[in-house]
Amino acid sequence: MESLVYIALFAPFVGSLFAGLFFARSPKSILVGVVNPALIGVSFLASVALAMHVAEFGAVHVTMMDWISMGGLNIPFGFLVDEVSVTMMLVVTLVSTVVHIYSNGYMDHDKSFNRFFAYLSAFVFSMMILVMSDNLAGLFIGWEGVGVCSWLLIGFWYHKEDKPFEENPSISPSWAANEAFIMNRIADLGMLVGIFLIYWNVGSLQYNVVFDALPNLADGLLVGIAIALFIGAMGKSAQFPLHTWLTDAMEGPTPVSALIHAATMVTAGVFLVIRMSPLYSMEAVSGVSMFIAALGTFVAFYAASMALIARDIKRIVALSTLSQLGYMFAAAGLGAYWIALFHLAAHAFFKALLFLGAGNVMHAMDDELDIFKMGGLRKVMMGSYIYMGIASIALAGLPFFAGFYSKDAIIETAFNEGTYLIWIMLVITAGMTAFYSFRQVFFSFHGEERWKPLGFNPHDMYKYVLVAMAPLAILAISFGWFMDGYKAFITKNLPAYEMSDHTHHIAWLLGALVVLFAVIGIWIAYRKYAGKGAMAWQRDEKVENSFIYKLLENQYYVPHAYDRFIVQPYIVASDKFWEWDNKIVDGTVDTIAKTIYDAGDKSRTMQTGNLSTYLNWMGAGALLLIVAAAISAVIG
Amino acid sequence: MIGVSHYLILSGLLFSIGFVGVLRRKNLLMLFFATEIMLNAVNIAFAAIGNYYGDLSGQMFAFFVIAVAASEVAVGLGLLIVLYKKYGSLDLEVIANMKG
């Protein structure tokens, strides 16, 4: 079993090195496009085998070698494959495999084809370390690794020029990459503090040791650790107020958005909370958990509201990701960890599918993102239309699709906990989700062909790419059917969350309510954007000038506020500090250098070339030394 | 009675003459003479002090200085001849060509 763990972990690493070392400077190589997906596929197969092993015999815990061992600090390179991490491994490797194959088609004409695969495989490797590590230090390494890869991949088209902030809030890919990286750095500081607190008070970072020691810690300390770790999770999972980077991260290539900013990396925050569930489910930190649930609910609603009017196809999907992450945190905060993890997996499948579908549309429309310029694409892009439709239905949560089971379970949990405010917010958000996801589908695939006058020439993606997307589509439909089996599997490790009898009794009613909201949302979207006659698609000046529309369009002015109250003052302060630095630090150093230089400049006239002058100087020096020696002899 | 102090005064005077010569003379050959005077002033002091303490090493050292001075003069005179051939003069003002 040990070798399987290493294969699952290191196959992506080998792929990354393969593409990065041997093909970094060469033009597009088919070999990279074949070998890298194959290696990720190997990793996936190893994960499947591990999952079966774990289901039968329980967790696999291997220690590869000592990593840091000095003084009282002992951190081994250990890997823990249990029910939680194997779920993540399956999700990560499966989505990665599809995305790798997809990238072959999407990045077909890009001159940095090989570099892209090197980064993408490196990301998968980092993500595997993150989920498989058996200690918090390893998790942190993976955490930073995915951050770096995310930075590399968002800024993949780093040569694109900056645009003014008013025109595009994510000024350019390199700007967006830096924004993502810096925001994550802020959050990572919180996470580091949490890890240090654990180390100081427990003396180890191994999960099992930490969990055993938790009940002996003081309540205040537990709350501190929980808050600090959650700050880290907030950054990675883009929770308010550190959320602006996720929508701006859409500047990266679409496969990256699908893999990193929808299916895997952004869910790392949720994974952290689930992994630390023994901490978050303690009585002492119930306040923090409640806050997590409340914040998650708020973000779910907040992001969904912005998605209602967004015009950029990728931003809509990104905001829906944000919203679904909110759902996951709501579930995790309420104690239903396994439901959060289930939604995480289901979401990864249908959201990756949705993103790849959006990528197909972009590819067809020559990288045009504005859905107002699309419409009627289903005639030319049947395959993508079907996939996007499936993914949207799953996202909207219509019965028998993956999203229905997982989202419904979260909403049921909120009801069961008696937190009715959270419950009603989540139900309303479910309706909004259905509306905006179908708004996007209707906008791009139904109605008039608005692209015709604009001179676009759309065509569907390569056949093999569409075939490669099929596993995601199948899972987006069917993943929910395995809910009971998954529950039996996962609750060996995570606390089983059971609905009370009362909730159980009216579960069908709650589900029906959610479905009703979703159907209403879809119906409104259909009437407005895909219907015929006067109600059909048209822009409404009055609505677009209204306060709420402006508020939503500008993302509640949060990016503006950040720019105005953080970025601009920071620039001003930096300029001031730069001036001070010039005067004080540089000034001191410069003065020393200038003094020496001046002394040299003055004394160089001594060198006349005339031996007599030199001898005079030498004589003067000799006399001086004798006098000095005499004086010191007299004094001494 | 001539004591060690007389020798030392003589040595000091000779050394000063040589020193001033080194500082003031402009002709390289004269500079050589001046350095020879200084060396020999030191030799007198060595010999006198060696005698005063009854220690032979002073006189021994004087011999060393004479030997070194002889070889120095041999090499130095050779260089002076080359210099004279090159510049047609041994005046320091004339051969100064390394200005800073």
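Everything that follows concerns the structure shown earlier in this document.
All of these numbers come straight from a predicted model, not from anything done at the bench.

**Some details on the interface of chain A and chain B**
1) Next: Taken together, the contact between chain A and chain B spans 11 residues of the former and 14 residues of the latter.
2) Next: For the pair chain A and chain B, the summed buried area comes to about 1,000 Å², and 58% of that belongs to carbon and sulfur atoms.
3) Next: Connecting chain A to chain B are zero salt bridges.
4) Next: Counting across the chain A and chain B interface gives three residue pairs in polar contact (both at pLDDT 80 or more).
5) Next: Class assignment of the residues belonging to the side of chain A that touches chain B gives a composition of three nonpolar, seven polar and one charged.

**Comments concerning unusual backbone geometry**
Residue and element names in this part refer to chain A.
1) Next: Residues Phe240 and Pro241 are joined by a peptide bond in cis, for which omega reads 5°.
2) Next: Structurally, the position occupied by Pro241 is in the loop between α8 (219-236) and α9 (244-248).
3) Next: Positioned with a positive phi, Phe400 is a non-glycine residue whose angle comes to about 75°.
4) Next: Of note, Phe400 is situated in the loop between α16 (382-396) and α17 (402-416).
5) Next: In this model, Gln555 sits at a positive phi of 55°, which is unusual for a non-glycine residue.

**Regarding the environment of Gly383 of chain A**
Residues and elements named next belong to chain A.
1) Next: Mapped onto the fold, Gly383 is located in helix α16.
2) Next: Look at Gly383 and you get partly exposed, because its relative accessible area is 24%.
3) Next: Along the sequence, Gly383 and Val467 sit 84 residues apart, while their C-alpha atoms lie 9.3 Å from each other.
4) Next: Here Gly383 is in contact with Asp460 and Leu466, once residues within four sequence places are set aside.

**Concerning the packing of α17 of chain A against helix α18 (residues 420-445) of chain A**
Residue and element names in this part refer to chain A.
1) Next: α18 packs onto α17 with a crossing angle of 155° between their chain directions and a minimal axis gap of 7 Å. Here α17 lies roughly antiparallel to α18, going by the angle between them. You can see that α17 and α18 cross each other, and the crossing is left-handed. Along its contact with α17, which presents Lys407, Ile410, Ile411, Ala414 and Phe415, the element α18 presents Tyr420, Ile422, Trp423, Leu426, Val427, Ala430 and Thr433.

**Brief notes about the nonpolar core**
Across soluble globular proteins, nonpolar side chains show a tendency to be buried alongside one another.
1) Next: Judged by nonpolar contacts, the single largest core of 217 residues is most densely connected at Val95, Leu229, Leu279 and Tyr280 of chain A.
2) Next: Top contributing element to this core by residue count: helix α15 (residues 337-364) of chain A, with 21 residues.
3) Next: Dropping the residues within four chain positions of it, Leu279 of chain A is found in contact with Leu214, Leu222, Ile225, Ala226, Leu229 and Val285 of chain A.
4) Next: By size, the runner-up hydrophobic cluster in this structure holds 11 residues, among which are Leu31, Ala34, Met38 and Leu92 of chain B.

**A word on the environment of Ala213 of chain A**
Residues and elements named next belong to chain A.
1) Next: As for its position among the elements, Ala213 is in helix α7 (residues 207-213).
2) Next: What makes Ala213 buried here is its relative accessible area of 18%.
3) Next: Separated by 11 residues in the primary sequence, Ala213 and Val202 place their C-alpha atoms 6.5 Å from one another.

**Here's the deal with the pairing of strand β2 (residues 73-81) of chain A**
Taken residue by residue, a regular strand's side chains alternate between the two faces of the sheet.
Residue and element names in this part refer to chain A.
1) Next: By the criterion of burial, β2 is predominantly enclosed, with seven of the nine residues buried.
2) Next: Where strand β1 (residues 60-70) meets β2, nine bridges bridge the pair, whose relative direction is antiparallel. If you follow Val62 over to β2, its bridge partner there is Phe79.
3) Next: What sits between β1 and β2 in their antiparallel hairpin is a turn of two residues, with Gly71 showing a positive phi close to 55°.

**Structural notes on helix α10 (residues 254-263) of chain A**
All names here are of chain A.
1) Next: Across the 10 residues that make up α10, a large majority, 10, are buried.
2) Next: All buried positions along α10 are accounted for by Thr254, Pro255, Val256, Ser257, Ala258, Leu259, Ile260, His261, Ala262 and Ala263.
3) Next: Structurally, α10 contributes buried residues whose contacts are with α3 (83-106), α4 (113-132), α5 (136-154), α9, α14 (313-333) and α15.

Conventions used here
- Residues numbered from 1 in each chain as written.
- Chains lettered and ligands numbered in written order.
- Predicted model: local features only at pLDDT ≥ 70, side-chain atom pairs only at ≥ 80, totals over all residues.
- Heavy atoms only, no water.
- Contact = heavy atoms within 4.5 Å.
- Buried area = accessible area lost by both parts, 1.4 Å probe.
- Salt bridge = Lys/Arg side-chain N within 4 Å of Asp/Glu carboxyl O.
- Polar contact = N/O pair within 3.5 Å; in protein donor to acceptor, adjacent residues only side chain to side chain.
- Nonpolar A, V, L, I, M, F, W, Y, C, P; charged D, E, K, R; others polar.
- Helix = DSSP H or I, 4+ residues; strand = E, 2+ residues; numbered from the N terminus.
- Buried < 20%, exposed > 50% of the residue type's maximum accessible area, 1.4 Å probe, protein only.
- Axes fitted to C-alpha atoms, helices over the stretch in contact; angles between N-to-C directions.
- Parallel < 35°, antiparallel > 145°, perpendicular 65-115°, else oblique.
- Left-handed = near helix turned anticlockwise from the far one by under 90°.
- Core = buried A, V, L, I, M, F, W, Y, C linked by side-chain atoms within 4.5 Å.
- Pairing = 2+ DSSP bridges.

In short, shape yes, function no, at least from these values alone.
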